[in-house]
Amino acid sequence: MKLAVCPGSFDPVTNGHLDIIRRAAALADRVIVVVMTNASKHTMFTMEERVAMLRTATVDLPNVEIDAYDGLLADYARRVGADAIVKGLRAVTDFEYEFQMALTNRQLHADAETVFLTTSADLMYLSSSVVKQVAMYGGDISGFVPASVLDAVLQKTKG
Ligand code: PNS
């Protein structure tokens, strides 16, 4: 696979996301991680902050680039000429929503295949929402996010 796109809201990027990004980077020549808007989520971090956190967290992956796009994923995939849209599947509960998005994206832009990678078993429970909730109540999130993201989350949750 030449070019894979890994979309998400990444608010913030977690070790679960990084697991998927690393595995996508092993499958594709080039990976663009694209920070997008999820219309059903309010974000803690701005688009620029999410991009900066991802850049730092993926600095050791030479074939991974970070971008941002405030529009349809299908349009972005067409614009960059992506062969695949790579997404992580954590559990059966993710499936219906991801299936609906994959079919919609195929309808809008048939050239990019959606590819699902299963999250590593030890990261199955992890999500950005869980990270934010634990941090908000003073819990330890150091095992959930890369070190570079830890401070940023603690700063935000301090108020
Ligand atoms: O990390 P998330 O929040 O699960 O990612 C969801 C995201 C941002 C990939 C999705 O909401 C999306 O593709 N947003 C861009 C707008 C779009 O294309 N929506 C239609 C897809 S059905």
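Residues numbered from 1 in each chain as written. Predicted model: local features only at pLDDT ≥ 70, side-chain atom pairs only at ≥ 80, totals over all residues. Heavy atoms only, no water.

Asker: Mind showing me how you'd approach the nonpolar core here?
Answerer: In summary, soluble globular proteins display a tendency toward joint burial of nonpolar side chains. Counting residues in each nonpolar core, the largest one holds 33 residues, and the members touching the most others are Val13, Ile21, Val31, Val33, Leu54 and Val64. At the level of secondary structure, the elements contributing two or more residues to this core comprise strand E1 (3–8), helix H1 (15–27), strand E2 (30–35), helix H2 (47–57), strand E3 (64–68), helix H5 (128–136) and helix H6 (147–157). Not counting residues up to four positions away in its chain, the partners in contact with Val31 are Ala4, Cys6, Ala24, Ala25, Asn63, Val64 and Glu65. Val5, Leu73, Tyr76 and Ile85 belong to the second-largest nonpolar core, a separate cluster that totals twelve residues. (Core = buried A, V, L, I, M, F, W, Y, C linked by side-chain atoms within 4.5 Å. Buried < 20%, exposed > 50% of the residue type's maximum accessible area, 1.4 Å probe, protein only. Helix = DSSP H or I, 4+ residues; strand = E, 2+ residues; numbered from the N terminus. Contact = heavy atoms within 4.5 Å.)

Asker: Is there a simple way to think about the site of the ligand in this case?
Answerer: The environment of the ligand is made up of 15 residues, and the closest members are Ser9, Thr37, Asn38, Lys41 and Leu73. At a separation of 2.8 Å, an oxygen atom of the ligand approaches a polar side-chain atom of Asn38. Within the backbone of Leu73, a nitrogen or oxygen atom sits 2.8 Å from an oxygen atom of the ligand. Isolated, the ligand exposes 540 Å² of accessible area, and the fraction of that covered by the protein chains is 81%. Listed by contribution, the elements that provide at least two residues to the shell around the ligand are E1 and helix H4 (92–108). Broken down by element, the shell around the ligand gets its largest block of residues, four residues, from H4. (Near = heavy atom within 4 Å. Polar contact = N/O pair within 3.5 Å; in protein donor to acceptor, adjacent residues only side chain to side chain. Areas by Shrake-Rupley, 256 points an atom, 1.4 Å probe, with all protein chains shown as cover.)

Asker: How do you make sense of a nonpolar patch on the surface when you look at a structure like this?
Answerer: A surface patch of nonpolar side chains, amounting to about 400 Å² of accessible area, comprises Val92, Phe95, Phe99 and Leu103. As for its placement among the helices and strands, Leu103 is situated in helix H4. (Patch = residues over 30% accessible without salt bridge, like charges linked within 9 Å, V, L, I, M, F, W, Y side chains within 5 Å. Salt bridge = Lys/Arg side-chain N within 4 Å of Asp/Glu carboxyl O.)

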